[in-house]
Amino acid sequence: FLTRTKQYAALEAMLGRAGFDARWAGAFVRGLEMPLERSAAAAIIDAEIQRGNVPRQLRFGIWVLLGDRERAFRDFDDGMKSHDIEVLRSPEGAFLRDDPRYAALLEHLDLHNR
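Residues numbered from 1 in each chain as written. Predicted model: local features only at pLDDT ≥ 70, side-chain atom pairs only at ≥ 80, totals over all residues. Heavy atoms only, no water.

(A) Inspection of the side chain of Glu48 at higher detail. Of note, Glu48 is situated in helix H3 (residues 38-50). Within the local environment of Glu48, its side chain forms a polar contact with the side chain of Arg51, the two groups lying 2.7 Å apart. (Helix = DSSP H or I, 4+ residues; strand = E, 2+ residues; numbered from the N terminus. Polar contact = N/O pair within 3.5 Å; in protein donor to acceptor, adjacent residues only side chain to side chain.)

Below, the structure is given as structure tokens:
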């Protein structure tokens, strides 16, 4: 909701209150707010993933919201209890649906007929 309504300061504050590392959270919010900063934000987030500072359950959603197709597919969690499955069909994830990997992923998840 905060991303759809562009309440970026509130989103950054919420991530901080939740205890998430300010380096990646701040980069993520800047990338949302300023599309020209997305490449720099992605580099920071990737570095923080390597350090183990970005929770697994947030990675796919981060990349979807930043519009990063390659990283979204790279970091998708195909566990059936993963929130990532819900994000696949979200409005924000629409840009992934024309990628051949999307159909293959749905088939892998046995969601292709649903």
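Now that the structure has been shown, the text picks up again.
(B) Seen up close, the environment of Asp84. For Asp84, the location among the structural elements is in helix H6 (residues 84-88). In this structure the C-alpha to C-alpha distance between Asp84 and Gly26, which are 58 residues apart in sequence, comes to 22 Å. Other than its neighbours up to four places away in sequence, Asp84 contacts Arg56, Gln57, Phe60, Asp75, Phe76 and Asp77. A polar side-chain atom of Asp84 sits 2.8 Å from the main-chain amide nitrogen of Asp77. (Contact = heavy atoms within 4.5 Å.)

(C) How the structure looks around the nonpolar core. Membership of the largest hydrophobic core comes to 31 residues, with the highest contact counts inside it found for Phe28, Ile45, Phe60, Ile62, Trp63 and Leu88. Sorting elements by how many residues they give to this core places helix H2 (residues 22-33) first, with 6 residues. Residues within four places of Phe60 in sequence aside, it is in contact with Ala72, Asp75, Phe76, Asp84, Val87, Leu88 and Leu96. (Core = buried A, V, L, I, M, F, W, Y, C linked by side-chain atoms within 4.5 Å. Buried < 20%, exposed > 50% of the residue type's maximum accessible area, 1.4 Å probe, protein only.)

(D) Molecular detail of unusual backbone geometry. Even without being glycine, Asp110 reaches a positive phi, approximately 60 degrees. As for its placement among the helices and strands, Asp110 is situated in the segment after helix H7 (100-108).

(E) Structural view of the packing of helix H1 (residues 8-17) against H2. Two elements in contact, H1 and H2, have axes separated by 10 Å at closest approach and are oriented at 165 degrees. Put simply, H1 runs roughly antiparallel to H2. Once H1 is placed against H2, the crossing between them reads as right-handed. Between H1 and H2, the residues in contact are Tyr8, Leu11, Glu12 and Leu15 and Ala25, Gly26, Phe28, Val29, Leu32 and Glu33, respectively. (Axes fitted to C-alpha atoms, helices over the stretch in contact; angles between N-to-C directions. Parallel < 35°, antiparallel > 145°, perpendicular 65-115°, else oblique. Left-handed = near helix turned anticlockwise from the far one by under 90°.)

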